[in-house]
Amino acid sequence: MSEVLEVAKRELHGKLNNGRLRRSGQLPAVLYGHGKEPISLTVSVDGLKATMRHGAKVVELKGAADGQALLHEVQWDTFQQHVLHVDLLRVDAKDRVKLEVDLLLRGEAPGEHEGGVVEHLVHYLEIETDPGHIPDHLHVSVNHLHLGGTLKIKDILDLPEGAKVFGDPDMVLVHCVEPTEAPDAEVAEGAEPEVIGRKAGDEEEAAE
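The structure presented is a predicted model; accordingly, all values stated were derived computationally and were not measured.

**Q** Which parts of the structure should I look at to understand the overall build of the chain?
**A** Helices and strands together make up the secondary structure of the chain, namely three helices and 13 strands. Burial statistics for the chain: of 208 residues in total, 35% are counted as buried. In the chain, the share of contacts with a sequence separation of at least 24, taken over all contacts with a separation of at least 6, comes to 63%. Roughly 13,600 Å² of accessible area belongs to the chain as shown, and the carbon and sulfur atoms make up 49% of that amount.

If you want it as structure tokens, here you go:
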């Protein structure tokens, strides 16, 4: 069942009015798609945050608009602390939608006990699927990842049936490699080590 998101009609526009909205606990939003005219809306900050905490990507609209909508784009402030604006895209069960989904790791890699380090190279993937099968996250298991091993798109555990992943099928998502050590700082051959605190006069005496 989709999360319910209450929306109201937004009559006033512009930077100043949007600032007043945010201070009152509301956010500016736009609903568009399916060949219909865009609608300017407001949503509750608390309602949107609750929806996002639950991992919902498709919501059931209630109030000034109805039907299902995809949380298509959520705009944050520079420090990723406060939501500034929301774009909602109308969808129905027959649609195919594109969106980005986080990729998470499961398990413990035996390669870590073999002296390796697991590097998570790809943290999200763009997929296409129908609105009824949008996953909250995608996962790969590292339980059989040995030193020198890799995990690719084909290793995703929970890709919905019929979903398409965009990207090179051979793209490495996760690998286990030997740790790299930073080289020790060495004094260049023939160079005299710098003596911290030596004064210019001392240098002149040494040169005489």
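Once the structure has been displayed, the description carries forward.
**Q** I would appreciate a short explanation of the sheet that holds strand β4 (residues 58-63) in the present structure.
**A** Strand pairing within a sheet occurs via backbone hydrogen bonds; the two strands may be parallel or antiparallel. Reading around the circumference, β1-β3-β2-β6-β5-β4 is the order of the six strands in this closed barrel, with mixed pairing throughout. Here the strands of the sheet are splayed against their neighbours by 45° on average, with no regard to which way each runs. Strand contacts of helix α1 (residues 15-23): β2 (26-33), β3 (36-44) and β6 (83-91), with the helix running at about 115° to β2, the strand carrying the most contacts.

**Q** Hey, could you run me through the pattern of salt bridges in this one?
**A** Opposite charge on two side chains permits pairing when their charged atoms draw close. Summed over all chains, the structure comprises two salt bridges. The residue E128 makes a salt bridge to R96 at a minimum N-O spacing of 3.5 Å. Of this pair, E128 sits in strand β9 (residues 124-129) while R96 sits in the loop between β6 and β7 (97-106), and the two are 32 residues apart along the sequence. With a relative accessible area of 42%, R96 lands in the partly exposed category. D155 is the salt-bridge partner of K154, the closest N and O atoms lying 3.6 Å from each other. We classify K154 as exposed; its relative accessible area is 68%. For D155, a relative accessible area of 24% corresponds to the partly exposed category.

**Q** What's the story with the pairing of β7 in this structure? I'm lost.
**A** As paired strands, β7 and β9 are joined by six bridges and run antiparallel to one another. Residue pairing for β9: D102 is matched across the bridge by Y124. Where β7 and strand β10 (residues 138-141) come together, four bridges link them in parallel fashion. Residue pairing in the sheet places L105 in a bridge with V140 of β10.

**Q** I keep staring at unusual backbone geometry and nothing clicks. Help me out?
**A** Excluding glycine, residues mostly have negative phi values, and the peptide bonds linking residues are mostly trans. At H34, a residue that is not glycine, the phi angle is positive and equals roughly 60°. If you trace the backbone, H34 turns up in the loop between β2 and β3.

**Q** What is the right way to read the pairing of β3 from this model?
**A** Two faces make up the sheet, and in a regular strand the side chains alternate between them. In terms of strand pairing, strand β1 (residues 3-9) meets β3 through three bridges, oriented antiparallel. For A8, the partnering residue across the bridge sits in β3 and is T42. As judged from the seven bridges shared by β2 and β3, these two strands associate in the antiparallel manner. Bridge assignment links A29 to a residue of β3, and that residue is L41. In this antiparallel pair of consecutive strands, β2 and β3, the connection spans two residues, and H34 shows a positive phi of 60°.

**Q** What's the story with the nonpolar core in this structure? I'm lost.
**A** Side chains of a nonpolar character, in soluble globular proteins, are inclined to be buried together. By size, the foremost hydrophobic cluster in this structure holds 24 residues, and its most contacted members are L70, L125 and L173. Broken down by secondary-structure element, the contributors of at least two residues to this core are β6, β7, β9, β10 and β13 (172-177). Top element by residues in this core is β7. It accounts for four residues. The contacts of L70, once residues within four sequence positions are left out, are K57, V58, D87, L88, L89, V91, V97, K98, L99 and I134. Judged by nonpolar contacts, the second largest core, of 17 residues, contains A29, V45, L71 and L88.

**Q** Quick question: what am I supposed to make of helix α2 (residues 45-53) here?
**A** Because an α-helix completes one turn every 3.6 residues, residues spaced three or four positions apart along the sequence face the same direction. Turning to α2, its buried residues are V45, L48, A50 and T51. Summarising the contacts, the buried residues of α2 are in contact with β1, β2, β3, β4, β5 (67-76) and β6. Positive backbone phi, at 80°, marks G55, one or two positions downstream of α2.

Parameters at a glance
Residues numbered from 1 in each chain as written. Predicted model: local features only at pLDDT ≥ 70, side-chain atom pairs only at ≥ 80, totals over all residues. Heavy atoms only, no water. Helix = DSSP H or I, 4+ residues; strand = E, 2+ residues; numbered from the N terminus. Buried < 20%, exposed > 50% of the residue type's maximum accessible area, 1.4 Å probe, protein only. Contact = heavy atoms within 4.5 Å. Areas by Shrake-Rupley, 256 points an atom, 1.4 Å probe, with all protein chains shown as cover. Pairing = 2+ DSSP bridges. Axes fitted to C-alpha atoms, helices over the stretch in contact; angles between N-to-C directions. Salt bridge = Lys/Arg side-chain N within 4 Å of Asp/Glu carboxyl O. Core = buried A, V, L, I, M, F, W, Y, C linked by side-chain atoms within 4.5 Å.

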